[in-house]
Amino acid sequence: MTGTDVQFAICGSAGDGTIAAGDILKRTMAAMGYKVIAFDIYPAEIRGFGKCISRVRVSIEQAYSLKRRSDVFLSLNDAHAIPHVGEVRDFGAVVYDDAPIATIPEGAHISAHIRPAQLPYGASFRQISDKVTGNARARNLVALGYLAGLYGMPRDAFHKTIGRKFATKAASVTQVNVRAFDAGYDAGASVFKLDDVVMAPPPVGADGSRAQMMTGNGATVRGLLDADIDCFFGYPITPATSIMERLATDLPKRGGRMLQTEDEISAIAATIGAGYAGARAATATSGPGLALMTEMMGLGVIAEVPSVTIVSQRGGPSTGLPTKTEQSDLNLAVYGGSGDAQRIVLAPTNVEGCYRCAGIAFELAEKFQTPVIVLIDLYLSNRYETVIPPEVKPFAPKAIPDAAGRSSGPFKRFAFTDDGLSPRAIPGQNGGVHTITGLEHNELGRPADQADNHQRMSRKRHDKLLAATRHPGLTVAKRFGRTGKVDVGILGWGSTFGEILEAMYAAEREGISCSAMKVVMLSPLPVHLIEPFFDDCRIVLVPELNHEGQLAHLVSGTLGRPVVRLDRVTGAPMEVDTILAEIRRLALGPAAGNAA
Amino acid sequence: MSAGLHYVVIGAGSAGHGAVTTLRARDPAARITLVTMSRLPFYNRFDLPRYFRGTTDWRNLLAVAPQIYDELAITLRRNSRVDEIDGRARTLTFSHKEVVGYDKLLVCTGGGGHLPEVLVEYKSLMHGFATFEDATRVARALPAKGRVILLGGDMIGLDLARTLIDTGHRVTLVAGEFTFWPHRIDAAKRAELLAALSRAGVDVVTGRTPVAIEAAAKPARRVIFEDDSAIAGDVVMPFFGSMPLVDFMLGAGVDMERGILVDPRLKSSNESIWAAGDVCQIWSDELKEYRFLHGWKNVRLMGELAARNMTGAAEEFDVTADFAIGIDASGHVQSDFWEQ
Amino acid sequence: MNEPLKPVYLDEKLVEIRADGHQDYRSKALPTWCPGCGYFSMAEGFTQSLKRLGREPEDVVVVSGIGCASRFPFFINAYGFHTLHGRTLPVATGVKQANDALTVVAVGGDGDAFAIGGGHIPHAARRNVDITYMVFDNGIYGLTKGQTSPTSVLGFTTPTTPYANGDEPLNPLMMLLAAKASWVGQAYAGNPHHLTDMMAEAIAHRGFSYLHILSPCVTFDKTTRTYKNLGMMVRDLPADHDRRNLMAAMAEATKVDRPALGVFYEEERPTLADVMDGIAERARKGIAAE
Ligand SMILES: Cc1cc2nc3c(=O)[nH]c(=O)nc-3n(C[C@H](O)[C@H](O)[C@H](O)COP(=O)(O)OP(=O)(O)OC[C@H]3O[C@@H](n4cnc5c(N)ncnc54)[C@H](O)[C@@H]3O)c2cc1C
Ligand SMILES: Cc1ncc(C[n+]2csc(CCOP(=O)(O)OP(=O)(O)O)c2C)c(N)n1
Ligand code: SF4
Ligand SMILES: [Mg+2]
């Protein structure tokens with residue numbers, strides 16, 4: 001039996017090197033040319049010995065989501081791992097340390113909890129680490145080596161990753177870790193395997209040398225950097241903080257600036273201030289921060305100032321579930337704020353998409369002179385996927401407005417034009433002096449509350465954005481699977497789309513006529529692509545991680561078409577099986593019989 | 001019945017499995033834990049020769065679906081070796097240092113292959129045949145049409161020999177006092193049976209005592225005899241009957257000889273400990289001795305009877321039953337031990 | 001009560017208010033403030049000071065919040081950003097982060113500054129963002145027609161304090177000194193020449209300069225901060241006041257019954273831009289603070 005699609009889960013406490021082990025695993029697999037998708041869970045506690053889980057799915061074919069059931073589960077800390085044993089599939093392996101230091105009461109060892117159909121693999125990681133390195137610290141590498149040995153993966157690929165990981169440390173650190181890894185590898189390779197599982201070799205020609213393991217947040221940062229971001233302003237909030245932290249390191253290296261502001265209001269205010277002054281500026285936050293930012297979003301809309309806001313959603317409302325994923329800020333992102341304040345909202349569905357959306361956001365913000373929100377969620381923020389970054393930066397350089405050479409007279413910053421886009425000038429430019437305001441204004445930017453002016457300006461601000469749905473180089477919506485008429489259509493957005501795709505393909509294999517569409521641009525809605533999809537589907541299902549069916553309302557409200565909602569707010573990604581069951585129900589239900 | 005009692009059964013073979021299902025049927029409220037060193041749930045060891053007939057996926061060997069333990073609310077502890085029993089405190093300690101308490105304990109740890117003293121140092125050059133892992137290793141080491149040298153030749157080994165001949169392998173039997181164990185037979189019968197084996201295609205070696213084993217190029221093994229003569233084969237397998245696995249019982253405060261000594265009700269000298277299967281020696285009033293009763297049918301009945309007695313019954317095990325061995329109409333060796 | 005006058009825009013028929021050079025710094029919009037409002041002095045003083053400093057209109061950005069005071073940028077010929085109530089400082093910080101070469105002046109009223117925007121003040125001050133913050137303090141919410149503000153005096157009766165204001169007014173100068181503003185001064189709308197000097201000095205200061213300007217709201221406050229009252233209260237800082245002495249500045253700032261005019265405190269220290277440049281340099285050299 002060869003593994004073409006194996007999901008590893010490593011569970012331990014913060015001090016065990018759990019995430020580090022997962023990290024080496026995923027980077028090695030990616031470098032070998034496998035497709036990797038991974039998700040780490042860190043402790044909710046700030047410090048100490050909280051629970052960590054690293055899940056790594058390694059496959060030959062591209063996978064779209066993590067599997068609900070892991071194939072292999074490694075415990076580095078039984079107390080933390082025990083509640084998770086159930087996630088291992090039948091005949092999947094549970095790997096653990098079988099030599100605790102002291103006696104423990106009944107039930108404290110993970111072997112007490114392994115289900116009858118799961119396969120136990122015990123080895124003494126601690127003792128092996130002690131023996132080959134002199135202490136137990138490297139037992140995570142021993143355990144990782146054991147997994148690699150068990151699956152017959154090439155040793156030297158791991159050695160390379162380990163070397164890279166500890167490149168900044170003394171050479172002895174790498175040596176110790178390699179020794180620990182090798183000792184574990186030998187144990188894993190020699191253990192009697194019940195199922196003769198070996199990882200199938202990566203596809204011929206697969207080149208992992210340029211592949212990188214990136215999280216959604218990491219790819220977002222990369223996108224911002226490749227789009228030559230100048231300034232970033234942020235206020236720490238889970239799960240967006242790592243964006244800010246990474247930019248704090250990387251942005252100054254290229255002369256850019258990162259400032260930690262006193263709150264989210266300041267963060268967006270400064271972003272808009274910098275955008276007004278001609279910089280490519282961005283901020284990043286989560287739902288509670290976006291709630292604080294909405295007043296400023298409105299200002300950005302009416303004053304027509306470019307800005308980019310990355311929003312990584314978590315469970316809400318209020319402080320909600322800070323460490324759990326959810327997709328419940330769609331309404332806030334699309335509508336949040338006073339008045340009619342349409343802005344551009346992009347929701348990538350995978351890590352690669354985070355890169356593209358974050359990068360192109362500046363282009364859109366500048367071209368359409370508007371706030372752009374890139375809406376992701378904790379699951380996408382933190383999950384790793386293999387990404388091959390383009391060799392040439394794929395984003396348009398900053399469009400520096402130029403007021404020079406225009407005809408004399410006062411500068412009409414908000415001049416009415418055919419496409420609704422007015423000339424822009426930035427401070428420092430001669431001939432473009434003007435004042436912008438959050439008050440409704442005339443073409444000059446002077447306060448003006450006449451009825452017809454407000455009507456025209458509102459239309460200008462709304463209509464100018466419609467062209468964004470046809471902006472070149474950006475996938476605003478895309479259909480997957482079967483083309484033409486189908487029985488069940490699944491419409492989705494954001495991180496959930498991975499599970500939707502897996503469910504859709506599974507349903508198709510079962511003979512159900514179905515097809516899926518992702519909506520990346522949530523505002524303005526690409527009706528010209530979504531409407532034909534509805535025309536082709538007898539029934540449209542909208543699975544999303546919120547309780548109110550936010551995309552369902554947005555789409556059915558805009559199109560005036562019914563949808564079937566599938567809402568879940570468990571704090572976890574939607575399960576493929578849940579979606580699949582709903583597809584089956586819809587396909588076989590009485591409605592199917594009625595279909596002409 | 002007795003709500004909250006914790007029954008622990010060590011050994012998930014025929015005896016242990018029979019015991020836990022009986023315990024559950026008779027005491028729906030009890031906690032029941034079944035312990036095994038194996039990574040596999042219960043399978044019948046006598047099925048292992050099937051490996052050579054193509055049953056290489058262990059799932060197909062399992063005697064019951066593993067989920068049955070969930071359904072019966074029996075905690076199955078696999079990959080867990082018991083290292084120690086404290087008969088007074090009524091606890092057992094696993095090699096992974098977990099301490100588990102019990103109210104009533106049934107020991108069904110069966111037996112391991114017995115090796116004559118002289119061959120112990122060559123253990124690593126021989127292939128045992130007690131577990132699925134063993135079967136896999138033998139199969140890997142044995143080329144097509146390869147030769148297996150059986151030392152001793154108890155009924156377990158001869159069962160394997162029948163299969164190997166069917167599957168095109170060659171078998172050499174180095175016969176001795178353990179040949180046909182656990183049958184107790186006289187010299188005449190022995191000669192008759194050996195002749196039948198020869199006719200069935202087994203190369204029978206008699207009157208020579210193996211004293212050493214060597215690794216060689218091809219085939220991979222040589223068995224050296226007292227007289228310095230030698231035979232060659234791909235795999236050497238010892239079949240000298242079985243010895244109870246009782247090391248962990250040494251501190252339990254239970255009377256033992258070779259196995260755990262039990263009365264006909266399968267209770268040991270400790271109030272809370274019973275034993276069943278290949279691991280125990282049962283007192284026979286008739287024979288006035290403790291005797292082993294091997295074979296899966298005996299063993300399963302023992303497990304079930306012990307479980308009934310642990311839950312209030314007072315039944316006695318029939319110690320007189322014995323296996324018959326002979327030669328059937330078509331000239332093949334025929335034994336009750338093999339009958340399934 | 002009087003309504004503040006509706007805005008009057010004279011884009012078409014430009015009326016030059018003054019004939020001298022600082023008109024270049026006046027926009028073509030006529031101020032919408034009530035006749036007699038102290039804020040006229042601010043516009044006048046500001047344009048004078050820009051002229052004195054020789055800053056080109058296109059290199060100046062005036063950022064304001066919401067309120068009568070915050071209407072200010074509309075009346076100035078420079079880049080202007082009339083933002084949100086209370087958010088002047090973070091927007092100004094962003095503008096300055098984007099382009100160090102700009103002269104950035106933040107403007108707002110006392111409510112804008114110390115009520116809704118109070119949370120931003122200490123941070124802009126301690127970071128020493130190289131901008132000038134001018135608060136026009138009339139001790140009242142002018143634009144919303146006369147409610148109490150954080151600097152209203154005790155006992156002030158307004159529509160929201162019909163039984164008299166019982167909230168102790170805060171001391172803006174103490175607050176700014178405590179927040180490490182690197183330049184702190186006070187001026188009075190009724191003393192326009194001194195006001196112009198102070199504005200020029202505040203803008204010239206390298207770092208975060210805070211200019212507190214006392215001003216009457218002639219429409220909604222007929223009793224407390226009238227020109228008459230303010231004129232009698234204000235005094236000059238003592239001639240020997242040491243503007244480098246923080247404790248001396250604090251001591252003067254506590255004398256709220258006799259507000260002093262002049263520069264309370266001044267120090268030179270790295271600005272936010274300096275800090276950013278330092279970070280960029282260390283980042284490029286790969287020096288991370290362990
Ligand atoms: C290859 C082979 C073929 C056979 N063929 C036949 C046949 O044809 N007919 C027949 O009647 N008999 C046959 N037998 C014998 C028969 O299988 C045994 O009599 C029977 O298996 C004994 O059952 P048991 O339950 O007593 O012990 P076993 O089946 O040996 O089970 C012992 C259990 O105890 C566990 N255990 C042992 N020590 C410990 C410890 N310290 N801690 C935890 N767990 C422990 C083991 O993991 C195992 O689960 C054969 C045996 C083999 C190996
Ligand atoms: C978020 C928000 N809350 C309330 C208001 C209403 N509002 C506008 S100006 C103002 C107070 C103005 O007082 P101050 O800042 O002292 O300026 P002044 O008008 O006195 O110059 C208020 C409460 C607003 N515009 N925005
Ligand atoms: S502050 Fe008072 S006087 Fe000045 S414009 Fe406002 S309402 Fe009129
Ligand atoms: Mg005021």
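Refer to the structure printed above.
Rules used throughout
- Residues numbered from 1 in each chain as written.
- Chains lettered and ligands numbered in written order.
- Predicted model: local features only at pLDDT ≥ 70, side-chain atom pairs only at ≥ 80, totals over all residues.
- Heavy atoms only, no water.
- Buried < 20%, exposed > 50% of the residue type's maximum accessible area, 1.4 Å probe, protein only.
- Helix = DSSP H or I, 4+ residues; strand = E, 2+ residues; numbered from the N terminus.
- Pairing = 2+ DSSP bridges.
- Contact = heavy atoms within 4.5 Å.
- Buried area = accessible area lost by both parts, 1.4 Å probe.
- Salt bridge = Lys/Arg side-chain N within 4 Å of Asp/Glu carboxyl O.
- Polar contact = N/O pair within 3.5 Å; in protein donor to acceptor, adjacent residues only side chain to side chain.
- Axes fitted to C-alpha atoms, helices over the stretch in contact; angles between N-to-C directions.
- Parallel < 35°, antiparallel > 145°, perpendicular 65-115°, else oblique.
- Left-handed = near helix turned anticlockwise from the far one by under 90°.
- Near = heavy atom within 4 Å.
- Nonpolar A, V, L, I, M, F, W, Y, C, P; charged D, E, K, R; others polar.

Trainee: Explain the pairing of strand 2 (residues 5-13) of chain A residue by residue, including any values.
Mentor: Residue and element names in this part refer to chain A. Most of strand 2 is tucked away: 8 of the 9 residues are buried. One ladder, built from 9 bridges, connects strand 2 with strand 4 (residues 51-59); its direction is antiparallel. By the bridge assignment, Phe8 is partnered in strand 4 with Val56. With 4 bridges joining them, strand 2 and strand 5 (residues 70-75) adopt parallel strand pairing.

Trainee: Talk me through the interface of chain B and chain A; I want residue IDs and the actual numbers.
Mentor: Contacts between the two partners involve 30 residues from chain B and, on the opposite side, 33 residues from chain A. Both faces combined, the contact of chain B with chain A buries some 2,400 Å², and carbon together with sulfur accounts for 50% of it. Among the residues chain B hides against chain A, the three largest losses belong to Arg39(B), Arg78(B) and Lys97(B). Together they make up 28% of the total. Remark: the boundary between chain B and chain A carries 3 salt bridges. Taking the shortest distance from any N to any O, the salt bridge between Arg115(A) and Asp70(B) comes out at 2.3 Å. Remark: the boundary between chain B and chain A carries 19 residue pairs in polar contact (both at pLDDT 80 or more). Those elements giving two or more residues to the side of chain B that touches chain A turn out to be strand 2 (31-35), helix 2 (68-71), strand 3 (74-77), strand 6 (98-101) and helix 3 (132-141) of chain B. If one sorts the elements of the side of chain B that touches chain A by residue count, helix 3 of chain B sits on top with 5 residues.

Trainee: Before we move on, can you summarise the packing of helix 1 (residues 39-53) of chain C against helix 6 (residues 192-204) of chain C with the specific residues and values?
Mentor: Residue and element names in this part refer to chain C. Relative to each other, helix 1 and helix 6 sit at 55°, their axes nearing to 8 Å. If you check the angle between helix 1 and helix 6, you find them oblique. As for how helix 1 packs across helix 6, the hand of that crossing is right-handed. Only Leu195, Thr196, Asp197, Met199, Ala200, Ile203 and Ala204 of helix 6 make contact with helix 1, whose side of the interface consists of Ser41, Met42, Gly45, Phe46, Gln48, Ser49, Leu50, Arg52 and Leu53.

Trainee: Report on the sheet that holds strand 2 of chain B, specifying residues and quantitative values.
Mentor: Residues and elements named next belong to chain B. The sheet built from 5 strands is open, its strands ordered 3-2-1-7-18 with parallel pairing. The open sheet has two free edges, formed respectively by strand 3 and strand 18 (273-275), since each of these has just one partner strand. Across this sheet, the average inter-strand angle for adjacent strands is 20°, counted without regard to direction. Direction of pairing for strand 2 relative to strand 3: parallel, over a ladder of 4 bridges. Paired with Leu34 across the two strands is Leu76, which belongs to strand 3. Across the sheet, helix 6 (residues 296-310) touches strand 1 (6-10), strand 7 (104-107) and strand 18, and the angle it forms with strand 7 is around 170°.

Trainee: An account of the site of ligand 2 is requested, with residue identities and associated values reported.
Mentor: Ligand 2 sits among 18 residues. The nearest are Tyr39(C), Cys68(C), Gly111(C), Asp112(C) and Gly142(C). One finds residues of chains A and C in close proximity to ligand 2. Within the side chain of Tyr39(C), an N or O atom sits 2.7 Å from an oxygen atom of ligand 2. With 4 residues, helix 3 (residues 110-116) of chain C is the single largest residue contributor to the shell around ligand 2. Classifying every residue of the shell around ligand 2 by side-chain character gives 8 nonpolar, 7 polar and 3 charged.

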